[in-house]
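Given next are the chains, with one letter for each unit.
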Amino acid sequence: VTRRTLGGWVTAIAGVVWLCAAVALAGQGPTYAWDLPPGFPQPKVPADNPMTPEKVELGRHLFYDTRLSVDGTFACANCHKQSHAFADEKPRGVGVTGEMHPRGSMSLANVAYSPVLTWANPTVRRLEAQALVPMFGEEPVELGLSGKEALLIRRLKDEGRYAALFPAAFPGEFDPFTLANITRAIASFERTLISGRSPYDRYRYGADRNAISDAAKRGETLFFSEQTECFHCHGGFNFTETVDYAGKGFAQVEFHNTGLYNIDGKGAYPRPNTGVHAVTEDPADMGRFKAPTLRNIAVTAPYMHDGSIATLDDVLSHYAAGGRTIATGPHAGVGARNPLKSSFVKGFSLTPDERRDLIAFLESLTDQVFLTDRRFSDPWPSHTSAR
Amino acid sequence: MTKISGLFIAATLALTGAPARPLAQATPDAGRQIALRFEATVGDEAFACGTRYAGIGTTGSSITVSDFRFYVSGVRLVKDDGTEVPLALTQDGLWQHDDVALLDFEDGTKSCANGTPETRNVIEGRVPDGRYVGVRFAVGLPFDTNHREPTLQPSPLNLTSLFWNWNAGYKFMRIDLKSTGQPQGWMIHLGSTGCTPREGPSTVPVSCRSDNIVSVVLPGMDVDRDVVRLDLRELLADANVDVNQDETPIGCMSGGGDDDCVPLFRKLGLAFRDAPAGTQSVFAARRGPAPSAVGDRR
């Protein structure tokens with residue numbers, strides 16, 4: 001067989017494979033069973049990565065697999081822990097080389113509903129693309145895989161479980177062990193991380209009047225009041241206005257400067273955490289960050305993009321003051337006078353009781369079902385795990 | 001359906017490694033084959049992984065290099081009548097794709113252990129017959145190529161070392177150093193910055209404030225005889241590689257607030273903040289031996 005003829009056959013076979021894939025796409029296949037909490041809309045899923053249980057299961061294995069770091073010590077799950085709603089207890093993430101990330105790991109709870117990923121990067125719109133940042137990023141190094149893609153693929157091919165999981169997730173592909181498929185599977189798993197069964201949900205949507213305390217009920221009223229203005233940025237079923245879902249029409253993407261810093265009197269945040277500005281270099285984007293979901297917020301301390309506020313009580317103090325004042329040091333400045341600050345961060349006063357009520361409300365958003373759901377847990381047997 | 005057909009064709013070509021634009025190329029018998037040769041030097045010394053180079057930059061630092069790769073696109077040859085013709089790149093399924101070529105001077109050894117064993121110092125393609133007296137090209141990627149989904153691209157656009165996902169693009173050039181004062185590393189990552197997103201679920205930016213594409217014009221270059229030289233000593237001549245500006249990425253990563261880039265961008269002819277674009281001085285044509293000594297280059 002000449003090389004040209006062989007090439008022709010390969011082309012023809014590839015063509016058949018792709019035609020089948022095209023037919024499968026056009027035919028939509030079986031609808032994915034989401035198991036959504038009451039009242040939750042269906043997540044929006046990219047057309048080129050439809051949900052399947054097989055992809056989710058592969059993604060779960062990859063999410064917890066330390067083969068996804070250069071030295072085999074870290075997985076996605078090291079900085080996104082189920083017990084912390086897939087956030088981290090550290091103020092800022094630490095990667096395989098010990099380098100500290102400028103920002104803290106965000107909770108992945110309900111990330112399927114987020115039309116923009118990470119704290120402040122408006123160009124990262126898909127979980128498939130976001131996964132490449134921790135894997136291959138070098139500023140900072142997180143999983144440290146830059147230039148190691150061949151090693152990664154070889155390691156995955158050597159694992160017996162993947163010999164079944166990859167072909168099941170990507171049927172009909174001659175070689176499903178690709179970078180694109182790794183990110184598709186991880187993204188599919190992440191889209192299943194849906195949290196909506198907190199005591200507050202049982203109270204508000206499940207008609208269980210006793211699911212939360214009276215203090216939490218009073219806190220709810222405060223939260224949704226013009227007194228505190230919390231709900232303007234943290235409204236909606238996911239307690240963030242930056243949200244999208246199937247059939248929504250308009251994806252909402254909001255970034256806010258909350259007056260956390262003001263180091264030059266003109267609104268500057270300390271580098272490299274200048275928010276959206278760090279990506280767009282637009283001066284108007286200085287200090288603009290995404291408002292994270294408040295679901296499970298009680299288990300994701302410390303707070304803010306840089307973990308610079310330790311407790312929910314201190315977070316309330318920051319917003320009550322209409323911005324944080326730092327008296328001394330290189331970050332000194334009066335955040336309340338940040339000229340780029342959101343107009344909703346205007347300050348308010350709370351009595352000690354009101355403060356306790358608001359915190360009780362925030363604590364009622366902790367979803368123990370989510371934090372312990374075995375479907376989201378480490379699938380590797382501890383004695384054979386790569387971890 | 002059109003989308004699926006396009007995907008099908010692209011995927012099939014990617015799977016088979018077949019040329020992406022077989023019909024757009026000059027037929028094998030027409031025109032002539034060109035091998036545009038490159039070399040990487042530190043002053044007059046040839047670059048090699050593991051070698052220590054002294055007297056670098058404003059502090060006379062000593063450096064070793066751990067990565068040395070860059071993309072070239074838009075190669076044009078200048079005819080003796082002043083007109084330009086594009087070099088139709090050989091679609092080799094590895095180093096060259098469409099209008100883009102990767103040049104790679106690290107060999108994965110010694111200080112370059114994180115690189116690839118394969119190296120590349122030539123761009124191959126065809127042009128119509130004629131006499132050519134100059135070359136121009138860009139260091140960088142065309143905008144559309146730069147902002148595609150990288151995991152689905154063919155070689156040489158599938159190297160994760162050159163991914164730059166945080167900026168929704170690629171590193172156009174990466175030259176990583178270790179210096180006397182910065183033994184942990186001092187990196188040069190050139191790429192487009194200040195990118196603003198498109199609305200909707202796309203990861204493709206609408207525009208970038210600074211495309212940071214280097215324009216190289218080498219008039220009077222004899223493409224059959226001369227070699228394009230990239231002189232790292234010249235690139236670093238006005239830089240202080242022994243320090244890093246506080247609270248900025250290590251070395252120069254092309255950001256508008258990263259003052260470590262100022263002396264490098266000037267040498268590359270790139271605008272930086274208020275400094276206007278100029279003429280690059282890092283790439284130059286070096287006179288090679290007479291064509292007869294090179295052998296049959298057609």
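In short, a report on the structure. Computed from a predicted model, the values in this text were never measured in an experiment. (Residues numbered from 1 in each chain as written. Chains lettered and ligands numbered in written order. Predicted model: local features only at pLDDT ≥ 70, side-chain atom pairs only at ≥ 80, totals over all residues. Heavy atoms only, no water.)

**Regarding the overall build of chain B**
On a plain count of helices and strands, chain B comes out with 5 helices and 20 strands. When the 298 residues of chain B are sorted by exposure, 51% land in the buried category. With the model as given, the accessible surface of chain B reaches about 12700 Å², and the carbon-plus-sulfur share is 54%. (Helix = DSSP H or I, 4+ residues; strand = E, 2+ residues; numbered from the N terminus. Buried < 20%, exposed > 50% of the residue type's maximum accessible area, 1.4 Å probe, protein only. Areas by Shrake-Rupley, 256 points an atom, 1.4 Å probe, with all protein chains shown as cover.)

**Some words on the nonpolar core**
Counting residues in each nonpolar core, the largest one holds 64 residues, and the members touching the most others are A:Leu58, A:Leu62, A:Met135, A:Leu156, A:Tyr162, A:Phe166 and A:Ile182. Broken down by secondary-structure element, the contributors of at least two residues to this core are helix 2 (53-63), helix 3 (76-79), helix 5 (132-136), helix 6 (149-157), helix 7 (160-169), helix 8 (179-191) and helix 15 (368-372) of chain A together with strand 8 (100-104) of chain B. With 6 residues, helix 8 of chain A is the largest single contributor of residues to this core. A:Met135 has contacts with A:Leu68, A:Leu143, A:Gly144, A:Leu145, A:Ser146, A:Leu152, A:Leu179 and A:Ile182, leaving out every residue within four places of it along the chain. Core analysis: the next-biggest nonpolar cluster, separate from the first, contains 56 residues, B:Ile63, B:Tyr132, B:Phe137 and B:Ile175 among them. (Core = buried A, V, L, I, M, F, W, Y, C linked by side-chain atoms within 4.5 Å. Contact = heavy atoms within 4.5 Å.)

**Details of the pairing of strand 18 (residues 227-231) of chain B**
Residue and element names in this part refer to chain B. With 5 of 5 residues buried, strand 18 is to be regarded as a mostly interior element. Residues Val227, Arg229 and Asp231 line one face of strand 18 and the alternating positions Val228 and Leu230 line the opposite face, and both faces are buried. In this sheet, strand 18 lies alongside strand 1 (residues 32-42) in parallel orientation, the contact comprising 5 bridges. The residue of strand 18 that forms the bridge with arginine 37 is valine 227. (Pairing = 2+ DSSP bridges.)

**So, helix 7 of chain A**
Residue and element names in this part refer to chain A. Taken together, the buried positions of helix 7 are occupied by Tyr162, Leu165, Phe166 and Ala169. Considered in projection along helix 7, the buried side chains sweep an arc of 95° and stay on one side of the axis. Across from the buried face of helix 7, at angles greater than 90 degrees, the exposed residues are Gly160 and Ala164. Buried positions along helix 7 lie against helix 2, helix 6 and helix 8. You can read the cap of helix 7 off the contacts: a side-chain oxygen lies 2.9 Å from the backbone nitrogen of arginine 161, and it is on glutamate 159. (Arc of directions from axis to C-beta. Polar contact = N/O pair within 3.5 Å; in protein donor to acceptor, adjacent residues only side chain to side chain.)

**Regarding the packing of helix 2 of chain A against helix 7 of chain A**
Pairs of packed helices are described in terms of their axes, by the angle between the two and the distance that separates them. Residues and elements named next belong to chain A. Closest axis-to-axis distance for the helix 2/helix 7 pair is 8 Å, and the angle between their directions is 140°. Here helix 7 runs oblique to helix 2, going by the angle between their axes. Seen along the crossing, helix 2 lies across helix 7 with a hand that is left-handed. Residues Glu54, Lys55, Glu57, Leu58, His61 and Leu62 of helix 2 pack against Arg161, Tyr162, Leu165, Phe166, Ala168 and Ala169 of helix 7. Partitioned by chemical class, the residues of the contact of helix 2 with helix 7 number 7 nonpolar, 1 polar and 4 charged. (Axes fitted to C-alpha atoms, helices over the stretch in contact; angles between N-to-C directions. Parallel < 35°, antiparallel > 145°, perpendicular 65-115°, else oblique. Left-handed = near helix turned anticlockwise from the far one by under 90°. Nonpolar A, V, L, I, M, F, W, Y, C, P; charged D, E, K, R; others polar.)

**Points about unusual backbone geometry**
Residue A:Glu139 is joined to A:Pro140 through a cis peptide bond whose omega torsion reads 5°. Residue placement: A:Pro140 occurs in the loop between helix 5 and helix 6. A cis geometry characterises the amide bond from A:Ala301 onward to A:Pro302, with omega recorded as -5°. Mapping A:Pro302 onto the fold places it in the loop between strand 2 (289-290) and helix 13 (312-320). Despite not being glycine, A:Asn110 shows a phi value in the positive range, around 65°. Residue position: A:Asn110 is located in the loop between helix 3 and helix 4 (127-130). When its relative accessible area of 1% is taken as the criterion, A:Asn110 is described as buried. In this structure, B:Asp98 is a non-glycine residue whose phi angle is positive, near 50°.

**Notes on the environment of B:His147**
Residues and elements named next belong to chain B. With respect to the helices, strands and loops of the structure, histidine 147 is situated in the loop between helix 2 (143-146) and strand 11 (163-164). Remark: the alpha-carbon pair of histidine 147 and valine 241, spanning 94 residues in sequence, is separated by 30 Å. Each residue touching histidine 147, except ones within four places of it in the same chain, is listed here: Asn167, Ala168, Gly169, Cys195, Val204, Pro205 and Cys208.

**Looking at the pattern of salt bridges**
Residues and elements named next belong to chain A. Under the defined criterion, the tally for this structure stands at 41 salt bridges over all chains. Across the pair aspartate 357 and arginine 218 runs a salt bridge whose closest N-O atoms are separated by 2.9 Å. With aspartate 357 in helix 14 (residues 352-363) and arginine 218 in helix 10 (residues 214-223), this pair connects stretches of sequence that are 139 residues apart. Among the residues examined, arginine 218 registers a relative accessible area of 45% and is labelled partly exposed. Where arginine 288 meets aspartate 285, a salt bridge forms, and the shortest distance between an N and an O atom there is 2.6 Å. For arginine 288, a relative accessible area of 25% puts it in the partly exposed group. Judged by its relative accessible area of 8%, aspartate 285 falls in the buried class. (Salt bridge = Lys/Arg side-chain N within 4 Å of Asp/Glu carboxyl O.)

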